Protein chains: 4
Amino acid sequence: MSKYQALKQECYEANMQLPELGLVIFTFGNVSAVDRENGVFAIKPSGVPYEKLKVEDIVIVDFDNNVVEGTMRPSSDTKTHAYLYKHFPHIGGVCHTHSTYAVAWAQAGKDIPIMGTTHADHLTADIPCLPELSDAAIQGDYEHETGRLIVDTFLTEGLDPEEVEMALVKNHGPFTWGKSAEKAVYNSAVLEAVGHMAQLTLNINPETPTLKQTLKEKHYYRKHGKNAYYGQ
Amino acid sequence: MSKYQALKQECYEANMQLPELGLVIFTFGNVSAVDRENGVFAIKPSGVPYEKLKVEDIVIVDFDNNVVEGTMRPSSDTKTHAYLYKHFPHIGGVCHTHSTYAVAWAQAGKDIPIMGTTHADHLTADIPCLPELSDAAIQGDYEHETGRLIVDTFLTEGLDPEEVEMALVKNHGPFTWGKSAEKAVYNSAVLEAVGHMAQLTLNINPETPTLKQTLKEKHYYRKHGKNAYYGQ
Amino acid sequence: MSKYQALKQECYEANMQLPELGLVIFTFGNVSAVDRENGVFAIKPSGVPYEKLKVEDIVIVDFDNNVVEGTMRPSSDTKTHAYLYKHFPHIGGVCHTHSTYAVAWAQAGKDIPIMGTTHADHLTADIPCLPELSDAAIQGDYEHETGRLIVDTFLTEGLDPEEVEMALVKNHGPFTWGKSAEKAVYNSAVLEAVGHMAQLTLNINPETPTLKQTLKEKHYYRKHGKNAYYGQ
Amino acid sequence: MSKYQALKQECYEANMQLPELGLVIFTFGNVSAVDRENGVFAIKPSGVPYEKLKVEDIVIVDFDNNVVEGTMRPSSDTKTHAYLYKHFPHIGGVCHTHSTYAVAWAQAGKDIPIMGTTHADHLTADIPCLPELSDAAIQGDYEHETGRLIVDTFLTEGLDPEEVEMALVKNHGPFTWGKSAEKAVYNSAVLEAVGHMAQLTLNINPETPTLKQTLKEKHYYRKHGKNAYYGQ
């Protein structure tokens, strides 16, 4: 029995939530779960349909993208996951999908503006759409560069990856993360719902302003931090 | 056996309808059911996912927000429910969701205009979007103030909470109520459907006028009042 | 055993297709099936939720709206069905829903323009949105007047109810019919799909023209008339 | 046992995916699978609902549209399939649907512009919307002419049918193909998803430019050609 059995199981279960939540069709997404102690993460194999995925297909990879265990090729987005684990030291899982509304915002090249409390329950910033990757980055080590662009943008914009657990890769789609793989998937579903609400809101009222500061903070701190009073 | 067993069961069943009707994901909603004789209501515990919710998790709270029975923390929106029960003496249940179209209208800050008979079958007024809460109210006893704003707005606007069983809390989402918890949930589904139709109607014809008085009244009084001839 | 048992069964099954096809929630629709020989039709009882509907609840009504068999009150829209059976002598079933896209067009007060072959496979005309009912008609024998307005509009506009098996009652929603109750329900689903496609088409290209005559006729006569070559 | 049993089974299974993937209602679509060695293809019979379709109903047809085996009439679109098999020698399956978003673009008469990597993962060109068929072609051998227009447009536009495995027949809907019937159906689902994303993208930002060349090529060649590194 692999020492990574529990990690693979966690990764497998988080991946299987994607089709259940309506976030992927076919092979359009991947989730990973990290084991910080051993410096590895478990990730979906590349191009395997969810209905055929098995726990033993999950691949164990280290932060330098070496396969540690597994017979299948890991997700083509593996280097993006690795980069995020290396530079966001507190995250436990990463999720990538091509969910419809998140992709639409990423293709439109727009941040998803914070206009309501569904958004503020999860983060107080607009959901950032990254700047364009350079041609050199695209033609070079593309997936590594994608991870780097996420991390660099968070640094430049002063965004805290423990609050803002999601980003839109321009023209591509969402990456989300969290303290566990399950939370990363949860964040992908939240992002999709918030993106849908935002598209409709601007359709109904193109002049909708963003949320005022007091309301942003009220909702965020109902659920986060030492004075949170949401949940058990 | 608790004396509130039937009340808890009613509350539980009404809550479980929310995911079935597509009105919530994860923990994004809560329903309560009142027992007027004992001056208490049963409400969903805070932050518990619907697929894990059990009847015995339901919390019994009085109108001053004291937990009367139950080991879990009640919904973070409990004070809004309590305020509504106190000031709308004829209602039996309250429901709150973050359903997509209702939230979009709430974020857009617009009343949902009455443009058809699906709407008029349930109420003859536009579905009101409340004015903004003041910063003081947000930073103070927020959920209590939210309830107060609903009640005050109904007074100011001359709306009858027995006819208009729903309101949009601006930038937040819908609260609905009714003679029972089941009816409150029903109203949330009606509001979502009417909000979807209204968004599409204005997309097709931005100049759509509101319904004429005769048609509003015809449909409302087909289903309500002493001359109603709808139903058994 | 009732002599109308088979008719009730047909009516029941057609009604039960409505929630399956996503055309209704709760009690928002009704289907009837006619027995021309006996001059009666079977119709859903008023206000009964689909999940509780039983074959024996179906009500038998004559063309003058008298209940011939059944203990429940027939649909509040019964008089509209009766009027259609009386004046469209070749139809076998009638269906009414509040499906989302059809209602949106009805609320917008617009005919659904024929822009593609999905539409032309079923009819060569725009799907008509009726003119407004007068206040007198609304306050008078409303459901009877609704039927009359459908029939009168078809006469005025020269529409053939055997080709155009559907109409939008302005501000209300769709009525459809066909050679059987099942076909009437089929037409409600077609109308909903065509209405969705039309809304999106104009969203993508507001200048989309209607279909040219040759293509309308090609598709309609592939499926209808003596030279039809679609189906078995 | 028919020598075409396996071919019929492949065709049947691919057809049955259409309702599962939400791409058809009723009889609105058809899939075929080719046997190049014997110069025949298996295709859905015309007008048979998916829930009643059986393997033995599948019809075997040669490239000149002669029925080789089967008692039912083949799909009314058979000649389009035959024309594609004849002129696109490397394809193994063809699929036609009336899926909502693909039809909306076809009715709008617009190519679906390439704006993201979901699109570029599958093809680097815009998804072409064909020019209008002439009245003579519509009134003549319509389904044959539809096939011809697809093939001629690909020649004129310099599109490679092994890369661009899909086209929108103007005012009608999508035809897709691929190395197998299953792949043709997959492409129909991809087209629908990409069409949905594109409609939303332009709704959010009407000025969205198309994807830059480096990103188009990066994503396409991650999954295709000798340097592909996606999948197993």
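Okay, so let's go over this structure. (Residues numbered from 1 in each chain as written. Chains lettered and ligands numbered in written order. Predicted model: local features only at pLDDT ≥ 70, side-chain atom pairs only at ≥ 80, totals over all residues. Heavy atoms only, no water.)

1. Comments concerning the relation of the copies chain B and chain A
Here comes step 1: Rotating chain B by 90 degrees and translating it 0.0 Å along the rotation axis places it on chain A, where the RMSD comes to 0.0 Å. The transformation relating the two chain copies, once decomposed into turn and shift, fits a four-fold axis. When each C-alpha of chain B is compared by its distance to the rotation axis, Asn203 of chain B comes out closest, at 5.6 Å.
Here comes step 2: A share of only 3% of interface residues in chain B that are also interface residues in chain A marks the association as one of differing surfaces. (Least-squares fit on C-alpha atoms with pLDDT ≥ 70 in both. Contact = heavy atoms within 4.5 Å.)

2. What about the relation of the copies chain C and chain D?
Here comes step 1: With an axial shift of 0.0 Å and an RMSD of 0.0 Å, the rotation relating chain C to chain D amounts to 90 degrees.
Here comes step 2: A low fraction, 3%, of the interface residues of chain C reappear at the interface in chain D, so the copies pair through non-equivalent surfaces.

3. Digging into the packing of helix H7 (residues 181-204) of chain A against helix H3 (residues 100-108) of chain B
Here comes step 1: Between H7 of chain A and H3 of chain B, the shortest axis-to-axis distance is 8 Å and the interhelical angle comes to 50 degrees. Comparing their axes, H3 of chain B and H7 of chain A come out oblique. Judged by the sense of rotation from one axis to the other, the crossing of H7 of chain A with H3 of chain B is right-handed. Residue-level contacts link His196, Met197, Ala198, Leu200, Thr201 and Ile204 of chain A of H7 of chain A to Thr100, Tyr101, Val103, Ala104, Trp105, Gln107 and Ala108 of chain B of H3 of chain B.
Here comes step 2: Partitioning the contact of H7 of chain A with H3 of chain B into residue classes produces nine nonpolar, four polar and no charged. (Axes fitted to C-alpha atoms, helices over the stretch in contact; angles between N-to-C directions. Helix = DSSP H or I, 4+ residues; strand = E, 2+ residues; numbered from the N terminus. Parallel < 35°, antiparallel > 145°, perpendicular 65-115°, else oblique. Left-handed = near helix turned anticlockwise from the far one by under 90°. Nonpolar A, V, L, I, M, F, W, Y, C, P; charged D, E, K, R; others polar.)

4. A short note on the sheet that holds strand E5 (residues 93-97) of chain C
Residues and elements named next belong to chain C.
Here comes step 1: The strand order across the open sheet built from seven strands is E4-E3-E2-E1-E5-E7-E6, with neighbouring strands paired in antiparallel fashion. Every other strand in the sheet has two partners, leaving strand E4 (67-69) and strand E6 (166-169) as the edge strands with one partner each. Pairwise comparison of adjacent strand axes, ignoring direction, gives a mean angle of 25 degrees for this sheet.
Here comes step 2: Both strand E1 (residues 29-35) and E5 contribute to a ladder of five bridges, which runs antiparallel. Note that in E5 the partner of Val31 across the bridge is Cys95.
Here comes step 3: Against the sheet, helix H7 (residues 181-204) touches E1, E5, E6 and strand E7 (173-178), its axis set at about 140 degrees to E7. (Pairing = 2+ DSSP bridges.)

5. Focus: the environment of Ser188 of chain D
Residues and elements named next belong to chain D.
Here comes step 1: By secondary structure assignment, the location of Ser188 is in helix H7 (residues 181-204).
Here comes step 2: According to the relative accessible area criterion, Ser188 is buried, its value standing at 3%.
Here comes step 3: Distance from Ser188 to Gly109, taken between C-alpha atoms, is 18 Å for residues 79 residues apart in sequence.
Here comes step 4: Other than its neighbours up to four places away in sequence, Ser188 contacts Leu23, Cys95, Thr97 and Thr176. (Buried < 20%, exposed > 50% of the residue type's maximum accessible area, 1.4 Å probe, protein only.)

6. Description of the interface of chain B and chain A
Here comes step 1: Chain B puts 34 residues into the contact, and the matching count from chain A is 32 residues.
Here comes step 2: Across the chain B to chain A interface the summed buried area is about 2900 Å²; carbon plus sulfur atoms make up 57%.
Here comes step 3: Salt-bridge contacts for Arg222 of chain A lead to Glu143 of chain B; the nearest nitrogen and oxygen are separated by 2.7 Å.
Here comes step 4: Linking chain B with chain A are 20 residue pairs in polar contact (both at pLDDT 80 or more).
Here comes step 5: Per element, the largest residue contribution to the side of chain B that touches chain A is seven residues, and it comes from H3 of chain B.
Here comes step 6: Here the residues of the side of chain B that touches chain A are counted per class, giving 14 nonpolar, 14 polar and six charged. (Buried area = accessible area lost by both parts, 1.4 Å probe. Salt bridge = Lys/Arg side-chain N within 4 Å of Asp/Glu carboxyl O. Polar contact = N/O pair within 3.5 Å; in protein donor to acceptor, adjacent residues only side chain to side chain.)

This is a description of form; function is not addressed.
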